[in-house]
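Structural overview
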Amino acid sequence: MARITRRPLAATDILDIWDYIAEDSVDQADRWVDRLDEKLALIATQPLMGRARDELEVEVRSLPFGRYVIFYVPTKDGIDVVRVLHSARDIDAVFSDE
């Protein structure tokens, strides 16, 4: 089975998104996380399916997920999730601040 790891900032992103959605509906927030987990499991089995984003960070790839974008690094046995950000964010600025 493919392995999925999450960097601390990615875990914080996911929690922040859950909190935001849960303000309207905890059930919707839980479903969003379930769908995200399914998407991450798929990406982990085919880690090169995302777009290469070397302009942000070496080896980082991205894949849209609804209104969000998943940023990850392929590993030998899966993926390492770097960030999960809303697509309206200034992605270049977020990565340059890190």
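Conventions and cut-offs
- Residues numbered from 1 in each chain as written.
- Predicted model: local features only at pLDDT ≥ 70, side-chain atom pairs only at ≥ 80, totals over all residues.
- Heavy atoms only, no water.
- Helix = DSSP H or I, 4+ residues; strand = E, 2+ residues; numbered from the N terminus.
- Expected span 1.5 Å × (residues − 1).
- Contact = heavy atoms within 4.5 Å.
- Buried < 20%, exposed > 50% of the residue type's maximum accessible area, 1.4 Å probe, protein only.
- Pairing = 2+ DSSP bridges.
- Core = buried A, V, L, I, M, F, W, Y, C linked by side-chain atoms within 4.5 Å.
- Phe/Tyr/Trp six-rings, centres within 6.5 Å; stacked < 30°, edge-to-face > 60°.

So, about helix α2 (residues 26-45). For an α-helix the count is 3.6 residues per turn, leaving residues at separations of three or four pointing the same way. Helix length check: α2, at 20 residues, gives a terminal C-alpha distance of 29 Å against a target of 28 Å (1.5 Å per residue), a fit within 8%. Of the surrounding secondary structure, the elements contacted by the buried residues of α2 are β1 (3-6), α1 (8-22), β3 (61-65), β4 (68-75) and β5 (78-86).

Time to look at the pairing of β5. In regular strands, side chains alternate between the two faces of the sheet. β5 sits mainly inside the fold: eight of its nine residues count as buried. Here eight bridges tie β4 to β5, and the two strands are oriented antiparallel to one another. Paired with Thr 75 across the strands is Gly 78, a residue of β5.

Counting 19 residues, the largest nonpolar core has Trp 32, Leu 36, Ile 70, Ile 79, Val 81 and Val 84 as its most contacted members. Those elements that place two or more of their residues in this core are α1, α2, β3, β4 and β5. When residues of this core are assigned to their parent elements, the largest contribution, six residues, is made by α2. In this structure Val 81 touches Ile 4, Thr 5, Arg 6, Arg 7, Ala 10, Leu 40, Ile 70, Phe 71 and Tyr 72, once residues within four positions along its chain are discounted. Val 69, Val 82, Leu 85 and Phe 95 belong to the second-largest nonpolar core, a separate cluster that totals ten residues.

Moving on to the packing of aromatic side chains. Tallying each qualifying case throughout the model produces three aromatic pairs. Note on Trp 32 and Phe 65: the rings are 5.7 Å apart at their centroids and 65 degrees apart in plane angle, and the pair reads as edge-to-face. With Trp 32 in helix α2 and Phe 65 in strand β3, this pair connects stretches of sequence that are 33 residues apart. The pair Trp 32 / Phe 65 is uniform in exposure class, with both members buried. Both rings, one in Trp 32 and one in Tyr 68, keep their centres 5.4 Å apart while their planes meet at 65 degrees; by these two values the pair is edge-to-face. Within this pair, whereas Trp 32 is found in helix α2, its partner Tyr 68 is found in strand β4, the two being separated by 36 residues in sequence. Pair check on accessibility: Trp 32 and Tyr 68 agree, each one buried. Taken together through their ring pairs, the aromatic side chains of Trp 32, Phe 65 and Tyr 68 make up a single cluster.

What follows is about the environment of Leu 48. Within the fold, Leu 48 resides in the loop between α2 and β2 (51-52). For Leu 48, a relative accessible area of 63% corresponds to the exposed category. Not counting chain neighbours up to four residues away, the residues in contact with Leu 48 comprise Arg 61, Tyr 72 and Pro 74.

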